[in-house]
Amino acid sequence: MIRRPPRSTQGVSSAASDVYKRQDISFDKWRDEIVGVTAMDTIRGLAPPVVVGYLNYGVVDVSGLDASLTYFITRSLSFDLHYSYLNVSDFLNPVTNSKDPINAPKNKGGFKIQYEPQDKPYTFSLNFRHVDGFPWSSGIYYGNIKSYNIFDLHTDYKINDNLTAMLTLNNLLDHMHTEIQGGPQLGRVIMFRLQAKF
């Protein structure tokens, strides 16, 4: 959509009026040819800049699958398995006639092993997640996210009825990877927390 504030040429010179008329013609041309773009007014004698706004892709068909399975090996030990699938990784941009990525992988999944004994003050869990590589584009940031496999370890220890200590090791094997374009490379992260209840 093209938005143009009303202009008054009253009290301006003939040359300035001609400039305004030429700009009006350019506005009309943009409005007829470009969809999903907003033109903003500017100073006298300069072509108005174009600001690309949000684009409506119209009707888009997307299908996928989310599945999970939990198996209790014992009362204290469990195994979780999960998987997600998308049938598309990009959409056709009607303005540029090129494909825009949806910034998500087609395949991702993982598992979790959790040990939580009923008669002990501690718990352990080991998580694994796999993410397929996928294209990414957002503003000035674009490129490809490489596939990565990450292990996370988490443990709780109940000190007493009011205090619990928690230790988390994200990316246990220190696999350097990027999850979004423009973001930092991520390595191992160690977090220690104390949770108090009153």
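Rules and cut-offs
Residues numbered from 1 in each chain as written. Predicted model: local features only at pLDDT ≥ 70, side-chain atom pairs only at ≥ 80, totals over all residues. Heavy atoms only, no water. pLDDT = per-residue confidence, 0-100. Helix = DSSP H or I, 4+ residues; strand = E, 2+ residues; numbered from the N terminus. Contact = heavy atoms within 4.5 Å. Pairing = 2+ DSSP bridges. Axes fitted to C-alpha atoms, helices over the stretch in contact; angles between N-to-C directions. Phe/Tyr/Trp six-rings, centres within 6.5 Å; stacked < 30°, edge-to-face > 60°. Salt bridge = Lys/Arg side-chain N within 4 Å of Asp/Glu carboxyl O. Buried < 20%, exposed > 50% of the residue type's maximum accessible area, 1.4 Å probe, protein only. Polar contact = N/O pair within 3.5 Å; in protein donor to acceptor, adjacent residues only side chain to side chain. Core = buried A, V, L, I, M, F, W, Y, C linked by side-chain atoms within 4.5 Å.

A. Fine view of the confidence of the model for the chain. A residue-level look at the chain finds 71% of positions with pLDDT of 70 or above and a mean pLDDT of 80. When pLDDT is averaged over each element of the chain, strand β7 (residues 107–115) comes out on top at 97 and helix α1 (residues 14–33) at the bottom at 49. The low-confidence segment residues 19–24, where pLDDT is below 50, has 10 contacts with residues more than four positions distant or belonging to other chains.

B. Here's a closer look at the sheet that holds strand β3 (residues 64–72). Judged by pairing direction, the sheet is antiparallel, and its seven strands sit side by side in the order β3-β4-β7-β8-β11-β12-β13 without closing on themselves. Of all the strands in the sheet, just β3 and β13 (189–196) have a single pairing partner and so form its edges. This sheet shows a mean twist of 10° between the axes of neighbouring strands, independent of strand direction. Pairing of strand β12 (residues 163–170) with β13 involves eight bridges; the strand directions are antiparallel. Bridge pairing in β13 places Leu167 opposite Phe192.

C. Up close: the packing of aromatic side chains. Scanning the entire structure with this criterion turns up four aromatic pairs. Through a chain of ring-to-ring contacts, the aromatic side chains of Phe79, Phe111, Phe128 and Phe151 assemble into a single cluster.

D. Expanded view of the pattern of salt bridges. The final tally for this structure, using the stated rule, is three salt bridges. A salt bridge links Asp152 to Arg129; the shortest N-O distance between them is 3.5 Å. With Asp152 in strand β11 (residues 148–158) and Arg129 in strand β8 (residues 122–131), the pair connects residues that are 23 residues apart, well separated along the chain. Residue Asp152 is classed as buried on the basis of its relative accessible area, which comes to 10%. Residue Lys158 is joined to Asp161 by a salt bridge in which the shortest nitrogen-to-oxygen separation is 3.8 Å. Residue classification places Lys158 among the partly exposed positions, given a relative accessible area of 42%. Where salt bridges share partners, they join Arg129, Asp152 and Glu179 into one cluster.

E. Representation of the side chain of His154 in the model. With respect to the helices and strands, His154 occurs in strand β11. A residue is classified by how much of its surface remains accessible, and His154, at 19% relative accessible area, is buried. Here Asp156 takes part through its side chain, which lies 2.7 Å from a polar atom of the side chain of His154. If we ignore the near neighbours within four places in the chain, the residues touching His154 are Thr123, Phe124, Ser125, Met166, Leu167, Thr168 and Arg193.

F. A look at the environment of Trp136. Tracing the backbone shows Trp136 in strand β9 (residues 134–138). For Trp136, a relative accessible area of 16% translates into the label buried. Note: C-alpha distance between Trp136 and Ser89 (47 residues apart in sequence) is 9.7 Å. Ignoring any residue separated from it by four or fewer positions in sequence, one finds Trp136 in contact with Pro101, Asn103, Tyr141, Tyr142, Gly143, Ile145, Ile180 and Gln181.

G. Fine view of the nonpolar core. By size, the foremost hydrophobic cluster in this structure holds six residues: Val131, Phe134, Trp136, Ile145, Tyr148 and Ile150. If we ignore the near neighbours within four places in the chain, the residues touching Ile145 are Gly133, Phe134, Trp136, Thr178, Glu179, Ile180 and Gln181.

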